[in-house]
Amino acid sequence: MFVLEEKIWFWLLLVIPVIIVLFLIFIFWQNRTRKKFASSNLLKHLAPNRSRSKPVIKLILVLLAMASLVVALVNPKMGTKLKTVKREGVDIVFAIDVSKSMDAEDIAPSRIEKSKQLVSQILSNLGSDRVGIIAYAGGAYPQLPITTDYSAARMFLQALNTDMISSQGTAIGDAIELATTYYDDEQQTNRVLFIISDGEDHEGNVEEITEQASEMGIRIFTIGVGSEKGGPIPIKRNGVVQNYKKDNQGETVITKLNPQTLKEIADAAKGSYIQGNVTTEVVDKVTEELQNIEKTEFEAKQFADFKSHFQLFLGIALALLFLDIFVLERSTAWLRKLNLFNERKKKGAKDASK
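Residues numbered from 1 in each chain as written. Predicted model: local features only at pLDDT ≥ 70, side-chain atom pairs only at ≥ 80, totals over all residues. Heavy atoms only, no water.

1. Some thoughts on the sheet that holds strand β4 (residues 130-136)
Using the following cut-off: We treat two strands as partners when DSSP finds at least two bridges between them. For the purposes of this entry, the term helix denotes a DSSP run of H or I that reaches at least four residues, the term strand denotes a run of E that reaches at least two, and both are numbered from the N terminus. Axes, fitted as lines to C-alpha atoms, cover a helix only where it is in contact. Angles between the N-to-C directions of the axes lie from 0 to 180 degrees.
The sheet built from six strands is open, its strands ordered β5-β4-β3-β6-β7-β12 with mixed pairing. Every interior strand has two partners, whereas the edge strands, β5 (140-147) and β12 (273-275), have only one. Direction aside, the axes of adjacent strands within the sheet are offset by 20 degrees on average.

This is the structure:
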C-alpha cells in the first residue's frame, strides 16, 4: 500500500509544461535568427558539429530530474506487510442527508457543508472505532463500508453533495434499513448510527424500521442541522446562486428544521437528539455518549512498517543531472563515426549525381 505524505508538492509539476513551451519558443527564435545571419549551407560549414537532437535530450534529462525531485519531496511510503491487530471500539455509521433542502444557508455555510464539518470533527476525536458512511435523499446509498481508515472516510465525506442522488425526499427509513446491513454479525460489536439531517419531509414507515434497528442492538443518535426559522433553497450553477426554489404557486419555498421527527427516532432507538448548530457542542456531546458505550474487541487488518522511498527518486534525480553534465550540445565524434543514419552514403550519392 502506498501513502503519499506531502501531496502538495505535486503542484510543482506544473512548471514542466511551462519549461517545454519556453524551450519551443527559444528554438523557434534561434532558428529564425540563424536564417537571418546566414543560409543553411553556410551554417553547416560554420558549425559542422552542431547537433539538433542534443538540446532536446538535455531538456528531457532535466525535466525527468525535476519530476523525480518532486516525487522525492512528496515522500512516497510503502506498507511492507499486512498484519491483523486487535482493537477495541464501537462500529459507527454516519447517515448524511443530501437532499436539496440541505443546500439551505440558514446555518453557515450551508446545511450540507455544516453536516460534513460535524462528521469531520467527530472523526478527529475518535480513537479506534470503525466508521461507515451512507448518503440518502429519496433513497439511501452506501458510500463507505465499515473501516478503520479515517483518511478514506474524510475523502468520501468531502465528495458528498446534494446533486449525487437524483431522487429527492428524505428517506430516513431507507437509511436506517441500509445501516443495519453495515454491521458485522460475526463480531458482536456495539453499534451506533448517527443520522445527520434537517428532518424535513421524511418518508416511509420510520417507526417500524427504527424498532427493528433497536432490536438489533443499534443505538440511533440524530443531529439536527438547520434552524426552525428556516431559509430558502438556493439553485446554484458553478457555485453561484441563480435563483431560489419555488412552489407551484411561484412562491419561494422555505425549508425548516424539523427536530420533532429526529427526536422521536432517537428516543425509539435508545439514543438522543443533538442540536447541530454549534460544532464544539456537538463534538463534546457525541464524545460523551460514545464514552458511555462499552467498547468491544475486534480484529482489523492494516498495513504496517511504512518506509519512505524518497531516497530512490532523489538518487534518480541526481543521476539524471549528473548525466546531463556530460551531454554536450554539439554532435559527438564517435557517434558520427557510427554513421547511424547513413549520412555518408547520402552525401556520396549527392556527389556522384553532380
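2. A closer look at the pairing of β4
Here is the rule: Each residue is assigned to one of three classes by its accessible area relative to the maximum for its type, calculated with a 1.4 Å probe on protein chains only: buried under 20%, partly exposed between the two thresholds, exposed over 50%. When the strands point away from the viewer and the connection leading from the first strand across the helix to the second strand turns clockwise, the crossover is called right-handed.
Burial analysis of β4 places seven of its seven residues in the buried class, the great majority of the element. Residues of β4 alternate between two faces, with Arg130, Gly132, Ile134 and Tyr136 on one and Val131, Ile133 and Ala135 on the opposite face, all of them buried. When strand β3 (residues 91-97) meets β4, the two strands line up parallel, connected through seven bridges. Within the sheet, the bridge partner assigned to Ala95 lies in β4 and is Ile134. After leaving β3, the chain enters helix α4 (residues 111-124) and then returns to the sheet as β4, a path that is right-handed. Across five bridges, the pairing between β4 and β5 is antiparallel. Within the sheet, the bridge partner assigned to Ala135 lies in β5 and is Tyr141.

3. A few points about the pattern of salt bridges
Spelled out, the test is: Salt bridges are identified by distance alone: a Lys or Arg side-chain nitrogen within 4 Å of an Asp or Glu carboxyl oxygen.
Per the stated rule, a full pass over the model turns up seven salt bridges. A salt bridge links Asp324 to Lys58; the shortest N-O distance between them is 3.2 Å. With Asp324 in helix α10 (residues 310-326) and Lys58 in helix α3 (residues 53-74), this residue pair connects regions lying 266 residues apart in the sequence. Assigned by exposure class, Asp324 and Lys58 land together as buried. Residues Asp106 and Arg111 are paired through a salt bridge, measuring 2.8 Å at the closest nitrogen-oxygen approach. A residue is classified by how much of its surface remains accessible, and Arg111, at 0% relative accessible area, is buried. The network of salt bridges with common partners includes Asp106, Arg111 and Asp198.

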